[in-house]
Amino acid sequence: MLGWLLFLASAALLAGSSLVVARRRGAHAGDRFFLGLLAAAAHLALASVLCSLFHAYTPVGLLVAQAAIVAVAAPIARRIRPIEPASDPATPWRPLDLALALGIAVALGVSLAAQLCVPVAGWDERMYNASRPAYWLQYRSVLPYVTHNDRQVTFPFGAELWLGWPMMMTRTEWPARLASWLAHPAGALGVFWLAQAIGSARRTALAASLLVATTPTIMLNAGFGQKQDLWNAAYVLAAAYWAVRAGAAPRRMGTGTRPAETRDATRHTLLAAVSIAFAVNVKITSLACVPVLGMLVVLAGTWREARRRALAAAIGLLAGVLLSGLVVTLASNVRAYGHPLGNPRLSALGKPDLSLQQAWTHAVRAPLFLVEFPEIPIESARRSLERAGRSVLAALRADAPLRLEGDPVWPGRFEFTVAGTAWRYSLGGMLMLPALAWAVACGLREVRRTWPRVMLSGPVWAGATALPLFLGLVFLVRWMGGAAERYWIGAYAVSVAVGVEMLARATRGRPGARALTVAALVWAAYPPLITYARRIDWATTKERLAAVDEPFAAAVGAMPAGARILAVLSQSARDYPLFRPRDGYPNYVASWGKEKPDRDRLRRLIERHRITHVLFGHPQAIGLHWDGGVSIIPLVEFVRALPGARQVPLQGTDQLLFELPVP
């Protein structure tokens, strides 16, 4: 009960401080939304890192850190003159507007219901997304720890902070899943405000938001997963929004130079840089968005002010690295591996072979991957489309598997498939490339028209944020089977805002075309809502719920609550069930790491962590993937020979479990 009260107090501090920042520094409703999002993320990250320095990542410790942040920031904020809010034009809500808003609410409701009903079950979630905050909870720190899985400590932790905060405060899983779900409404609202910023009418912005909110892969990740991609998309949308706002300044300035507009361009450039840093703290691939900052420096105002904008961009990136907590990950990676991105062998696996064949193959796969209809009820039509896509791959000599794609598990082999019901991006994906191409064409036309004082429109600035990110993900990241459907969500969300505005302009004054567009939107939105509403029943069956403790169900059942476990596991072990999340995380799990068998180290770990059980994921070796493997046969014998050690029989698995005398 006390934990819940402290959590409510923590949430009130987080929300209150963010609202104050948003209201004082936001001129428009969109400004206030994105400022509030960044302020909340910064508040949570700073408080988490601050209390972790003293191993006080506890409900009381976090609350004290939050209070200290507010106490320090409040006097500073009072000295800064608030921005005068602009008068946003009020327009009446039409029936179609209300219908679109209702569709968004239904999509959010379906994903929320799934998060509340379905426990953490995804492979990556049980391997590191949810395991990471569970380790934080027991170590009382978000700082790196000894682990068998590099992903848990070398990847940025911006998304896991949202997952870990309620998990630590309440020791209950469903509030953590709820906090993770907040990325879904954040992304839907982000698309709406980005579309408005680039000049879309409210109805167009609502259509873009509905299309993104009901995108199949977004519905899946929002309702049934806790991966990082949706939080990454929210921050990428923030970066695109501030880029659009910064780029709008010279268009308002005209031929003169107004100090207020110059300050706006500088301030919004800084906020775009901060947003990019927050996106990088979720997925390092968001570094591909940085080129838009160079464009803002050169084009978002007069040449005389370019130096100021460059300084703002640099300060924004530095501030974002510090405020988001990214500095912790970068510093620990440099200390452990000599590189800010962590283990170079892990990084190398994620990079493709930089060759013409690889680039060509990825270039052909990408548009085919985005071809997907909401539904294809006719089986013969589905097979025909599938054959046509594979024929295109063969005709363009892009059907041969790339290096490592012979492994069926990872990265897996790409095959062009057409599903009866969309599961990736549906019609929104088919809009992605035309939208980005339109943004580029508009940019070239506007450069020619306004030269030498270049002034670019909102869609161009949004496209300039999404395009390098998309190209970087296509050409500089190894193709991993079907995983691209979530890696591209950030670039996709921005492109939808651009693409729907493109369609709105193309169909202006054409009622028939508008009607077809609305029909297509309904066609795209309806199947995912039905599919994922039904999937909740499937995901909550006894068989599915029993699988959430896989592969350690037998071991978890053989140990009492409160067990203190030394886990000797492989790199990709799904160790989250070992904490017994549905019982309030009573178990303590210490990882052996990646070290070779050592009797003295074993004894030190047992004494330091007061170990009661030793669990071996395999009786002979632990696989460390990019770091090879380690034979653990001597370590098994060391444990077997410990005084009072007793092997606990496990059914249906080759795992080994030893019970030690209570220290």
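Scroll up to find the structure.
Residues numbered from 1 in each chain as written. Predicted model: local features only at pLDDT ≥ 70, side-chain atom pairs only at ≥ 80, totals over all residues. Heavy atoms only, no water.

1. As for the overall build of the protein chain
So, step 1. When its secondary structure is counted, the protein chain shows 29 helices and seven strands.
So, step 2. Its C-alpha atoms give the protein chain a radius of gyration of 26 Å, near enough to 26 Å, the size a compact globule of 663 residues would have.
So, step 3. Seen through its C-alpha atoms, the protein chain measures out along the principal axes to roughly 85 × 70 × 50 Å.
So, step 4. Burial analysis of the protein chain (663 residues in total) assigns 55% to the buried set.
So, step 5. Put simply, of all contacts in the protein chain between residues at least 6 apart along the chain, 77% involve residues at least 24 apart.
So, step 6. For the protein chain, the exposed area adds up to about 28,000 Å²; of that, 65% sits on carbon and sulfur atoms. (Helix = DSSP H or I, 4+ residues; strand = E, 2+ residues; numbered from the N terminus. Rg over C-alpha atoms; globule rule 2.2 N^0.38 Å. Buried < 20%, exposed > 50% of the residue type's maximum accessible area, 1.4 Å probe, protein only. Contact = heavy atoms within 4.5 Å. Areas by Shrake-Rupley, 256 points an atom, 1.4 Å probe, with all protein chains shown as cover.)

2. Details of the environment of Arg-397
So, step 1. Structurally, the position occupied by Arg-397 is in the loop between helix H20 (379–395) and helix H21 (426–450).
So, step 2. Residue class for Arg-397 comes out exposed when judged on its relative accessible area of 68%.
So, step 3. Excluding anything up to four places from it in sequence, Arg-397 contacts Gln-357 and Trp-360.

3. Remarks on a nonpolar patch on the surface
So, step 1. Where nonpolar side chains cluster on the molecular surface, the patch consists of Met-1, Leu-2, Leu-5 and Leu-8 and spans about 490 Å² of accessible area.
So, step 2. What makes Leu-8 exposed here is its relative accessible area of 53%. (Patch = residues over 30% accessible without salt bridge, like charges linked within 9 Å, V, L, I, M, F, W, Y side chains within 5 Å. Salt bridge = Lys/Arg side-chain N within 4 Å of Asp/Glu carboxyl O.)

4. A look at H21
Each full turn of the α-helix corresponds to 3.6 residues, which orients residues three or four apart in the same direction.
So, step 1. Helix length check: H21, at 25 residues, gives a terminal C-alpha distance of 37 Å against a target of 36 Å (1.5 Å per residue), a fit within 8%.
So, step 2. Met-432 marks the point of greatest bend in H21, at about 30°, and the proline Pro-434 comes within the next four residues. (Expected span 1.5 Å × (residues − 1). Bend = angle between axes of the 7 residues up to and from the residue.)

5. Let's talk about the nonpolar core
So, step 1. Counting 179 residues, the largest nonpolar core has Leu-194, Tyr-235 and Trp-488 as the members making the most contacts within it.
So, step 2. With 15 residues, helix H13 (residues 229–253) is the single largest residue contributor to this core.
So, step 3. Not counting residues within four places of it along the chain, the set of residues in contact with Trp-488 comprises Ala-366, Phe-369, Leu-370, Tyr-425, Met-432, Phe-470, Leu-473, Val-474 and Trp-479.
So, step 4. Core analysis: the next-biggest nonpolar cluster, separate from the first, contains 23 residues, Tyr-588, Ile-611, Leu-624 and Val-639 among them. (Core = buried A, V, L, I, M, F, W, Y, C linked by side-chain atoms within 4.5 Å.)

6. Digging into the packing of helix H4 (residues 95–117) against helix H25 (residues 511–539)
So, step 1. Orientation of H4 relative to H25, taken along the N-to-C sense of each, is 20°, at an axis distance of 10 Å. When the axis of H4 is compared with that of H25, the two are roughly parallel. For H4 against H25, the interelement crossing comes out left-handed. Only Leu-521, Leu-529, Tyr-532, Ala-533 and Ile-536 of H25 make contact with H4, whose side of the interface consists of Leu-100, Val-106, Ala-107, Val-110, Ala-113, Ala-114 and Cys-117.
So, step 2. Residues of the contact of H4 with H25, tallied by class, amount to 12 nonpolar, no polar and no charged. (Axes fitted to C-alpha atoms, helices over the stretch in contact; angles between N-to-C directions. Parallel < 35°, antiparallel > 145°, perpendicular 65-115°, else oblique. Left-handed = near helix turned anticlockwise from the far one by under 90°. Nonpolar A, V, L, I, M, F, W, Y, C, P; charged D, E, K, R; others polar.)

7. A look at the pattern of salt bridges
So, step 1. The final tally for this structure, using the stated rule, is 26 salt bridges.
So, step 2. Asp-97 is paired through a salt bridge with Arg-202; the nearest N and O atoms lie 3.9 Å apart. Separated by 105 residues along the polypeptide, Asp-97 in helix H4 and Arg-202 in helix H11 (residues 202–213) bring together distant segments of the chain. For the pair Asp-97 and Arg-202, one class covers both residues: buried.
So, step 3. Arg-126 is the partner of Glu-550 in a salt bridge, and the nearest nitrogen-oxygen pair spans 3.1 Å. In this pair, Glu-550 is assigned in the loop between helix H26 (542–546) and helix H27 (553–558) and Arg-126 in helix H5 (residues 123–129), connecting sequence segments 424 residues apart.
So, step 4. A relative accessible area of 29% means that Glu-550 is categorised as partly exposed.
So, step 5. Overlapping salt bridges, with partners in common, bring together Glu-379, Arg-382, Arg-383, Glu-386 and Arg-390 in one network.

8. Describing the sheet that holds strand S2 (residues 588–591)
So, step 1. Spatial ordering of the open sheet is given by S2-S1-S3-S7-S6, a layout of five strands whose pairing is mixed. Edge positions in the sheet fall to S2 and strand S6 (646–648), since each has one partner strand and no second. For this sheet the average axis-to-axis angle between neighbouring strands, irrespective of direction, equals 25°.
So, step 2. Pairing geometry for strand S1 (residues 564–568) and strand S3 (residues 613–616), over four bridges, is parallel. Residue pairing in the sheet places Val-568 in a bridge with Phe-616 of S3. (Pairing = 2+ DSSP bridges.)

9. Remarks on the pairing of S2
The side chains of a regular strand alternate, first on one face of the sheet and then on the other.
So, step 1. Here S2 shows no split at all, with Tyr-588 and Ala-590 on one side and Val-589 and Ser-591 on the other all buried.
So, step 2. Relative to S2, S1 runs parallel, the two being bridged by four bridges. Residue pairing in the sheet places Ile-565 in a bridge with Val-589 of S2.

10. Things to note about the packing of H21 against helix H24 (residues 489–506)
So, step 1. The interhelical angle for the contact between H21 and H24, taken along N-to-C directions, is 75°, at an axis separation of 7 Å. If you check the angle between H21 and H24, you find them roughly perpendicular. Between H21, through Gly-428, Gly-429, Leu-431, Met-432, Pro-434, Ala-435, Leu-436, Trp-438 and Ala-439, and H24, the contact on the second element is made entirely by Ala-491, Tyr-492, Ser-495, Val-496, Val-498, Gly-499, Val-500, Glu-501, Met-502, Leu-503 and Arg-505.

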